[in-house]
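# Secondary and tertiary structure notes
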Amino acid sequence: MAKRKKRRPRQKTATSEYTDAEGNVLTLRQSLSPGTIAKLAEGPATAATSQDDAWRRRQELLFERLAVRWEIAGLPLDDQRMLLGRYRMADPSTQEWVRRTIAEHIDRFIPQISE
């Protein structure tokens, strides 16, 4: 019988916390894997994809890969599906704060993917 390789325990990546004016706390990873960085560099999936669709998908992908936790009104969210769903349901000003925060975070910690 073949021996199974033991998996190495995953190391937790460093994170940074950002607080908005209402006291909500967004926790973001400080690094991304090379595969994720390559995925972000890919263009739109089809020629029919509008520029707006491509921009929105990139923003969601960044949020999805960077967000670890988001505490809103004292309720912590750390499940990836819940985080993305909450981001999609957020009002425009909250989404703008998240985008601005992620852009500043990327400039500081992952400058190779800055737009």
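Predicted, not measured: the structure shown is a model, and the values here were computed from it. Just so you know, the residues in each chain are numbered from 1, in the order the chain's sequence is written. In keeping with the model being predicted, local features are shown solely for residues with a pLDDT of at least 70 and side-chain atom pairs are shown and tallied solely at 80 or more, while totals for entire chains, interfaces and linings include all residues. As a rule here, side-chain values cover all heavy atoms of the structure and leave hydrogens and water aside.

### Considering the packing of helix α1 (residues 34-41) against helix α2 (residues 51-66)
Our working rule: Every angle, taken between N-to-C directions, lies between 0 and 180 degrees, and every axis is a line fitted to C-alpha atoms, over only the stretch in contact when it is a helix. Going along the chain from the N terminus, every DSSP run of H or I of four or more residues is numbered as a helix, and every run of E of two or more is numbered as a strand. An angle below 35 degrees is read as roughly parallel, one above 145 as roughly antiparallel, one from 65 to 115 as roughly perpendicular, and any other as oblique. Residue contacts are defined here by distance: any two heavy atoms, one from each residue, within 4.5 Å place the two residues in contact. In the scheme used here, Gly and all other residues not listed as nonpolar or charged are polar, with Ala, Val, Leu, Ile, Met, Phe, Trp, Tyr, Cys and Pro taken as nonpolar and Asp, Glu, Lys and Arg as charged.
Close contact between α1 and α2 brings their axes to 10 Å; oriented N to C, the two are set at 170°. Relative to α2, the element α1 is oriented roughly antiparallel. Taken together, the residues of α2 that come into contact with α1 (itself represented by T36, K39 and L40) are R58, L61, L62 and R65. Residues of the contact of α1 with α2, tallied by class, amount to three nonpolar, one polar and three charged.

### Focus on the side chain of E60
Short version of the rule: Partly exposed describes any residue whose relative accessible area lies between the buried limit of under 20% and the exposed limit of over 50%, with all areas from a 1.4 Å probe on protein chains only and scaled to the type maximum. Polar contact criterion, stated in full: a pair of N or O atoms within 3.5 Å, where within protein one must be able to donate a hydrogen and the other to accept it, and residues adjacent in sequence count only if both atoms are side-chain atoms.
With respect to the helices and strands, the residue E60 is situated in helix α2. Overall, E60 belongs to the buried group, its relative accessible area being 18%. Within the local environment of E60, its side chain forms a polar contact with the side chain of R88, the two groups lying 2.9 Å apart. In this structure, E60 is in contact with L84, Y87 and R88, ignoring residues within four places of it in sequence.

### With respect to the sheet that holds strand β3 (residues 67-72)
The condition is simple: A strand pair is defined by DSSP finding two or more bridges across the two strands.
A sheet is described by the order of its strands in space; here four strands give the open sequence β1-β2-β3-β4, paired in antiparallel fashion. If you trace the sheet from one side to the other, it starts and ends with β1 (15-19) and β4 (75-77), each paired once. Pairwise comparison of adjacent strand axes, ignoring direction, gives a mean angle of 15° for this sheet. Pairing analysis gives five bridges linking β1 to strand β2 (residues 25-29), with the strands arranged antiparallel. The residue of β2 that forms the bridge with T15 is R29. The strands touched by α2 are β2 and β3; relative to β3, the strand with the most contacts, the crossing angle is about 90°. Where helix α4 (residues 92-109) meets the sheet, its contacts fall on β1, β2 and β3, and the angle it forms with β1 comes to roughly 145°.

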